[in-house]
Amino acid sequence: MQPESNLASRRLAIALGLLLAIALVVPLLGQPYYTRLVARMAIFGIAALSLDLLVGYAGLVSFGHAAFFGIGVYCAGLLPMLGVQQVWVIVPVAMLVAGLYGALSGLISLRASGLYFIFITLAFAEIVFYIAQGLRMLGGDDGFRLPAPTLLPGGASLANPVVLAYTMLGALVLAVWFARRLSESHFGQVVVAARDNETRLRAMGLSAYPYRLVLYTIASALCALAGVGFANLVEYASPASMSWIVSGEFLFMVILGSAATIIGPVLGAVVFVGLEQILSALTEHWLFWLGIILVLRVLLLRQGLYGLLTGRGQR
Amino acid sequence: MTGGLVLEQAFNGLQFGMILFLMAVGVTLAFGVMNLINLAHGSMLMLGAYFIAAAATKITAYPLAFVAALMLTAVASVLLEVLVMRPLYRMGHLDQVLATFGVSIAVNEAVIMIWGREAMFVAPPEWLDGTVALTDTISYPLYRLAITGVAALAGLALWLLLARTRLGMRIRAGAENGDIVGALGVNVRLLFIGVFVISSLLAALGGVMLGPLIAVQSGMGDPLLILALAVVVIGGVGSLKGALVASLAVGLLDTFGRMIWPHLMGNIIGNIVANASVYILMALVIAVRPSGLFGNHAA
Amino acid sequence: MSSSCKPDGAEADQMRLECEAPLLEVRGLVKRFGALVVTDQVSLSVRPGELHALIGPNGAGKSCLIGQISGELRPDEGEVHFRGQRVDDLAVPERARRGLARAYQVPRLFGSLTPAANAAVAEISRVRSGFRFWRRAATDPALAAAARIALDRVGLGRALAPDPADTGAVRPASLLAHGDKRLLELAMGFASDPALLLLDEPLAGLGPADSAAMVALLRSLKGRYGILLVEHDVEAVFALADRISVLVGGRVIASGPAAQIRTDPRVRAAYLGESE
Ligand SMILES: Nc1ncnc2c1ncn2[C@@H]1O[C@H](COP(=O)(O)OP(=O)(O)OP(=O)(O)O)[C@@H](O)[C@H]1O
Ligand SMILES: [Mg+2]
């Protein structure tokens, strides 16, 4: 860990506290649009931080993370068809399926590195995409409307934006805490060490592969949690949720906020969702400006939002 | 299935493979020489298609429209190289992926701003309208044959350029070992612009020729780009031979797969396998050879 | 290479060294890159506690030989035995777990981690706690103690271990001075408490003061570990080594105690003549 001056971490803590306070108050205002916006930010926050575990801490640039998001979306859409709506079944199943696919695909992709890794993760995501697209009984390319929302214990429905927003905020806080603990653990140190210098790690008797595989599995499962939330937010499941564009957007969120900080990518997700809303309100062609902003972020804003906030440079 | 059908599909597969090759060469060259991962490469194919569609409305002579479309792409690619790509060459993979992804989003939207959301259609030139008899009963569209021919010619021209000219020698030196280029005292800036423009033109050539076959619309280059990325990984990054072999293999696998898999596995699973087969092949190759069939690059 | 005992005239210490079974034994190693033979029928051994130095001009194939012993390069012919077992087919991490450590010619550190955290990773590797997902590394007293010992061993402990009163002073390894990087590299090699350490040019790029400190350090560590030392600094080598092998063009042209090597006419002609 790099040193952080006290002032910088104070500034960060204040900003985060404010943000969380706003997020907690907004659903109380009775404005469904803003409530759903908070839910959306929390959902993408979870997705972005799960990707940060790979990109930031392990140095594994995955361009296929949307596959696991999509698996979460489809599980939340499919299980109600079997009469299962309880969150404590849907979330574990979604995470299990995503984790399993993560482990199996990781077994192969983690043999590759660099450019090959980027493209092979993309390929594995495309495979899931085409499976979803090929399921014609589920609407194929168009997808399908969620037959029923996910239910919390006690019967509260995630179709209610307020319930969804608070649930996803809770999940986000848990996920941040979990990811921080993980990154600071013995395991987390090995993962970072493997990113910094794999040769040295091997010469000390550790092969990076099993650690990366476990991390890849964890990150995949975590992203499925976000997917379940997203299905409930849009009340819809479609292959679009796992397209390569979504994978690219996740990466954008991570980098917008600055990688290997956990909090940074969450901020990145918040800003990304906000940008999306503001730009699309201003112009029909907001994607054009989003693309331009993405380019400018890479070329000009070298340290990410987290760096701006703490005055700390990126690696 | 009949022999004639197989022959027809073989021609289709070859044609598809050659289009993929035009895309894949650009990806592999840009990575080999400039160390650049370019996800905006699909946009170049799309621009080629839009430019020929637009040019065809103003210029009636097809060859002129063809040249105009390629020249417009060349101008666009020079602008892109100077404004965005050049600083990226020194950056990490992640930054390159993001910035070029951003370019691709922006260009996809820009064509909508200019030409609207509706797909455009291009007519093939009249003198390529006919068919050729392959056997007594099977005939094949002349235009599709012409595509394969032009793509093969472009590939040949590229090979001549790389194998027989000084510029080509420098490009190959760069593709094999990026540091050498500087050591040779070559004007690296110009060389990089040259490689980027050549790459873009090859992709645009694919788009120009695909124009009459598929709907010209925003994002049309992206599926082809992703396939081309798979081709590059299968063939081995930086290897031109790998790109050619893998393009043709993927083209044929994809085309025949669409016929065979649904037959063998039923409609639903068969279609899924047909769509995903290239990526499955890619996963298998990586599982056995983590740097592709002909790759030795420590990418 | 025979290891018959010659009790006459030898010191007791020397006798122990020569009689014990070798820790590392390399037999008939050959490595080619195309037509270039970088390792040509090399045989040598290191006994427990012995410091065996390998000298030779640039490009002689010293680093390649080290690489084949550590497992990073695969030899074309020959055998590598470590602690009586053949290890040719084992991957680098497996050899390392058996006690074969390596320090690199160019320091390879975990750049974003503090020196203490670097050493902590070595300890995690040694006690195999890498799959502990919940225990914080930074506040784990066992890791801190091990890291302190590892850094102290090379004299970095006081300077670079985390000081609870002033966290701002701990810098990531990538920002250390070159001499400190070398020392940390060495600390990382010893941290796993290996039986044999392969040291590739630990003095390279060090100023006279750092260099002298490093030689003193190596002398203090000598005897506790088997060491195969590659080094260009001939004075340092003669001061430290129990035995010296001279590698020229991939071949061992001479091997023996320092005094014998110093006077060997072939060595003088091939190598020492140029540098002395
Ligand atoms: N991967 C490789 N492919 C081809 N040749 C190589 C390779 N690695 C090393 N060589 C060659 O092998 C020879 C021995 O290299 P090596 O690095 O082992 O020398 P060295 O004795 O360690 O030299 P120095 O004192 O400069 O460190 C050199 O001529 C080098 O160019
Ligand atoms: Mg060397």
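These numbers were taken from a predicted model, which means no experiment stands behind them. (Residues numbered from 1 in each chain as written. Chains lettered and ligands numbered in written order. Predicted model: local features only at pLDDT ≥ 70, side-chain atom pairs only at ≥ 80, totals over all residues. Heavy atoms only, no water.)

## Considerations on the interface of chain A and chain C
For clarity, the cut-off: Throughout, a residue-residue contact means that at least one pair of heavy atoms, one from each residue, lies within 4.5 Å. Accessible area that two parts lose when put together, with a 1.4 Å probe and added across both, is what the buried area reports. Whenever Lys or Arg places a side-chain nitrogen within 4 Å of a carboxyl oxygen from Asp or Glu, that contact is recorded as a salt bridge.
Each partner contributes residues to the interface: chain A has 30 residues there, and chain C has 38 residues. With both chains or domains summed, chain A and chain C bury close to 3,100 Å², and 62% of this area falls on carbon and sulfur atoms. It is His186(A), Arg200(A) and Met204(A) in chain A that bury the most area against chain C; as a group they hold 26% of the surface buried on that side. Along the contact surface separating chain A from chain C lie 2 salt bridges.

## A few points about the pairing of strand β8 (residues 226-230) of chain C
Residues and elements named next belong to chain C. The condition is simple: Note on classification: 1.4 Å probe, protein chains only; a residue is buried when its accessible area is under 20% of the maximum for its type, exposed when over 50%, partly exposed between these limits. A run of H or I in DSSP counts as a helix once it spans at least four residues, and a run of E counts as a strand once it spans at least two, with each numbered from the N terminus. If DSSP finds at least two bridges between two strands, the strands pair.
A large share of β8 lies buried, amounting to 5 of its 5 residues. Burial of the side chains of β8 extends over both faces: Gly226, Leu228 and Val230 are buried on one face and Ile227 and Leu229 on the other. Relative to β8, strand β7 (residues 196-200) is paired through 5 bridges, and the arrangement is parallel. Considered in β8, the bridge of Leu196 is made with Gly226.

## Topic: the coordination of the magnesium ion (ligand 2)
All names here are of chain C. Note the threshold: Note that water is not among the atoms considered, so a metal site may appear incomplete; the donors listed are N, O and S atoms within 2.8 Å of the metal, with 3.2 Å applied to Na, K and Ca.
Protein coordination at the magnesium ion (ligand 2) comes from Ser63 (OG) and Gln105 (OE1), with a distance range of 1.9 to 2.4 Å. With Ser63 in helix α2 (residues 62-70) and Gln105 in the loop between β6 (100-103) and α4 (115-127), the pair connects residues that are 42 residues apart, well separated along the chain. Residue classification places Ser63 among the partly exposed positions, given a relative accessible area of 30%.

## Quick look at unusual backbone geometry
Only a minority of non-glycine residues have a phi that is not negative, and only a minority of peptide bonds are not trans. The backbone of Ser258(A) shows a phi angle near 95°, a positive value even though the residue is not glycine. As for its position among the elements, Ser258(A) is in the loop between α10 (244-257) and α11 (263-282). Non-glycine residue Gln41(C) carries a positive phi angle of around 50°. As for its placement among the helices and strands, Gln41(C) is situated in strand β2 (residues 36-46).

## Quick notes on the site of ligand 1
All names here are of chain C. Applied cut-off: Here a residue is near a molecule or strand as soon as one of its heavy atoms is found within 4 Å of it. Pairs of N or O atoms within 3.5 Å make up the polar contacts considered here, provided that, within protein, one atom can donate a hydrogen while the other can accept it, and that residues adjacent in sequence are counted only when both atoms are side-chain atoms. Computed by Shrake-Rupley with a 1.4 Å probe, the accessible areas treat only the displayed protein chains as cover when residues are assessed. Three residue categories are used. Nonpolar comprises Ala, Val, Leu, Ile, Met, Phe, Trp, Tyr, Cys and Pro, charged comprises Asp, Glu, Lys and Arg, and polar comprises the others, including Gly.
The immediate surroundings of ligand 1 are formed by 13 residues, with Asn58, Lys62, Ser63, Cys64 and His232 found nearest. Between ligand 1 and the protein, one listed contact pairs an oxygen atom with a side-chain N or O atom of Glu201 at 3.3 Å. Contact with the protein chains covers 61% of the free accessible surface of ligand 1, which is 640 Å². Broken down by class, the residue content of the shell around ligand 1 amounts to 5 nonpolar, 6 polar and 2 charged.

## Some words on the nonpolar core
The criterion, for reference: By nonpolar core we mean a set of buried residues, namely Ala, Val, Leu, Ile, Met, Phe, Trp, Tyr and Cys, connected to one another through side-chain atoms within 4.5 Å. Boundaries of every domain are those given by an automatic assignment or by a domain database.
Ranked by size, the top nonpolar core spans 275 residues in total, and within it Phe69(A), Leu201(A), Phe250(A) and Ile244(C) carry the most contacts. Counting contributing residues per domain, this core is built from domain 1 (1-99 + 194-276) and domain 2 (109-192) of chain C, each supplying no fewer than three. In contact with Leu201(A), not counting residues within four places along its chain, are Val190(A), Ala193(A), Ala194(A), Leu206(A), Ala208(A), Phe110(C) and Val121(C). Of all hydrophobic cores here, the second largest spans 21 residues; its members include Leu29(C), Val46(C), Val87(C) and Leu228(C).

## Quick word on the environment of Gln217(B)
Residue and element names in this part refer to chain B. Here Gln217 shows up in the loop between α8 (188-210) and α9 (221-235). Here Gln217 falls in the partly exposed class, since its relative accessible area comes to 36%. Apart from the residues within four sequence positions on either side, Gln217 is in contact with Met46, Tyr50 and Ala119.

## A word on the pairing of strand β10 (residues 251-256) of chain C
All names here are of chain C. Taken together, the 5 bridges between strand β9 (residues 243-248) and β10 define a ladder with antiparallel strand orientation. Along β10, the bridge assignment pairs Ser245 with Ser255. Adjacent in sequence and paired antiparallel, β9 and β10 are bridged by 2 residues, among which Gly249 carries a positive phi angle near 55°.

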